[in-house]
Amino acid sequence: KYLDNSGEGLAVLCESFSSPTLMRLSKEFLKKYPKAQWVAYDSVSDENIYQGLNNATGSMAAPKYRLNDAKVILSLDSDFLQMESNDIEHSRDFATGRRVRSEEDSMNRLYVVEGAYSLTGGMADHRLRIQSGQVAMFVAALATELGAQGLNIQAPEVNASFDKKWIKAVAADLIANKGQSLVLAGRRQPAHVHTLTALINDVLSNTGKTVEYIVNPDRKVSDTDALVSLTKSMKQGKVETLVILGGNPVYQAPSDLGFASAMKQVAYSVHLSSHVDETS
């Protein structure tokens, strides 16, 4: 049937992956069934980072931070020492930048903007507490201040009040350490925050020095919008066969999606997993 209709009504739901073999097979699958859907979803992922960098660079790249080369670091709701991806590597590199071997050595300086106290916030030299939902406005305010201090950057107007002395000080410190500074945002922040963060790093001459962007052609990134679209199609009866490769979407998907009830509208479903769970 699916050979005759090009896979219409057929869908595959998997976890994100970075596998050459699985990427090759997924491409062959979609080539054979071009009307089928292949969606990846993780409840916790760097999806926002990938989307933001895609807007900034034109590719689904992952950031590679060189914290050991950064003299000034600004963390925007990013607990990079504990909760973000590559936290062990980040902890080692950050500690390297804090190591003083002689009187001539100086430690890196860490600024943290966050809503909840974190391990990274506890290590900060200067910490500013704001609501997590205001981080996007803070980044825009920072970009505006960088422009006021001579950098060629534009940012949207901000209708919020922040500590102006704090923003002026961090902007001046970042500019004074162009090419040796780093601004990074956490995975919980929306894509446009990561887009603006990448722009700020670029105008600070940090790109290729304290941060670079790595493209993995074999990476399938989690896509919440695609999951929402798939669930809608399931509820409308447009998905007849659903193959779930790993994961537990009944438990992990956003509760307001109603994924479990949507599965009841699918005539035939398959779940390949290591153990029996809610989806099974």
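Residues numbered from 1 in each chain as written. Predicted model: local features only at pLDDT ≥ 70, side-chain atom pairs only at ≥ 80, totals over all residues. Heavy atoms only, no water.

J.: Sorry if this is basic, but what is going on with the sheet that holds strand 3 (residues 37–40) here?
T.: Working definition: the strands of a sheet are paired by backbone hydrogen bonds and lie parallel or antiparallel to each other. Spatial strand order, 3-1-11-12: 4 strands in an open sheet with parallel pairing. The open sheet has two free edges, formed respectively by strand 3 and strand 12 (268–272), since each of these has just one partner strand. On average, each strand axis in the sheet is tilted by 15° relative to the strand beside it, whichever way the strands run. Bridge count for strand 11 (residues 241–245) against strand 12 is 5 bridges, and the pairing is parallel. Within strand 12, the residue paired with Leu-242 across the bridge is Ser-269. Sheet strands touched by helix 1 (residues 20–32): strand 1 (10–14) and strand 3. Its angle to strand 3, the strand with the most contacts, is close to 150°. Together, strand 1, strand 3 and strand 11 form the strand contacts of helix 8 (residues 224–235), whose direction differs from that of strand 3 by roughly 130°. (Pairing = 2+ DSSP bridges. Helix = DSSP H or I, 4+ residues; strand = E, 2+ residues; numbered from the N terminus. Axes fitted to C-alpha atoms, helices over the stretch in contact; angles between N-to-C directions. Contact = heavy atoms within 4.5 Å.)

J.: I would appreciate a short explanation of the nonpolar core in the present structure.
T.: For soluble globular proteins, nonpolar side chains are generally found buried alongside one another. Core analysis: the biggest nonpolar cluster contains 30 residues, and Leu-74, Leu-76, Phe-138, Leu-142 and Ile-200 have the highest contact counts within it. If you list the elements that add at least two residues to this core, you get strand 5 (72–76), strand 6 (109–114), helix 5 (135–148), helix 6 (164–176), strand 8 (181–185) and helix 7 (191–203). By residue number, the principal contributor to this core is helix 5, which donates 8 residues. Within the second largest apolar cluster, 16 residues are counted, among which are Ala-11, Ile-244, Leu-257 and Met-263. (Core = buried A, V, L, I, M, F, W, Y, C linked by side-chain atoms within 4.5 Å. Buried < 20%, exposed > 50% of the residue type's maximum accessible area, 1.4 Å probe, protein only.)

J.: Sorry if this is basic, but what is going on with the packing of helix 5 against helix 6 here?
T.: The description of two packed helices rests on the angle between their axes and on the distance between the axes. Close contact between helix 5 and helix 6 brings their axes to 9 Å; oriented N to C, the two are set at 60°. With respect to helix 6, the element helix 5 is oriented oblique. In the crossing of helix 5 with helix 6, the sense of the turn from one axis to the other is right-handed. Of helix 6, the residues touching helix 5 (which contributes Phe-138, Ala-141, Leu-142, Glu-145 and Leu-146) are Trp-166, Ile-167, Lys-168, Val-170, Ala-171, Leu-174 and Ile-175. Each residue belonging to the contact of helix 5 with helix 6 can be placed in one class, and the counts come to 10 nonpolar, no polar and 2 charged. (Parallel < 35°, antiparallel > 145°, perpendicular 65-115°, else oblique. Left-handed = near helix turned anticlockwise from the far one by under 90°. Nonpolar A, V, L, I, M, F, W, Y, C, P; charged D, E, K, R; others polar.)

J.: I'm lost on the environment of Tyr-33 in this one. Help?
T.: Here Tyr-33 is to be found in the loop between helix 1 and strand 3. Distance from Tyr-33 to Tyr-2, taken between C-alpha atoms, is 7.2 Å for residues 31 residues apart in sequence.

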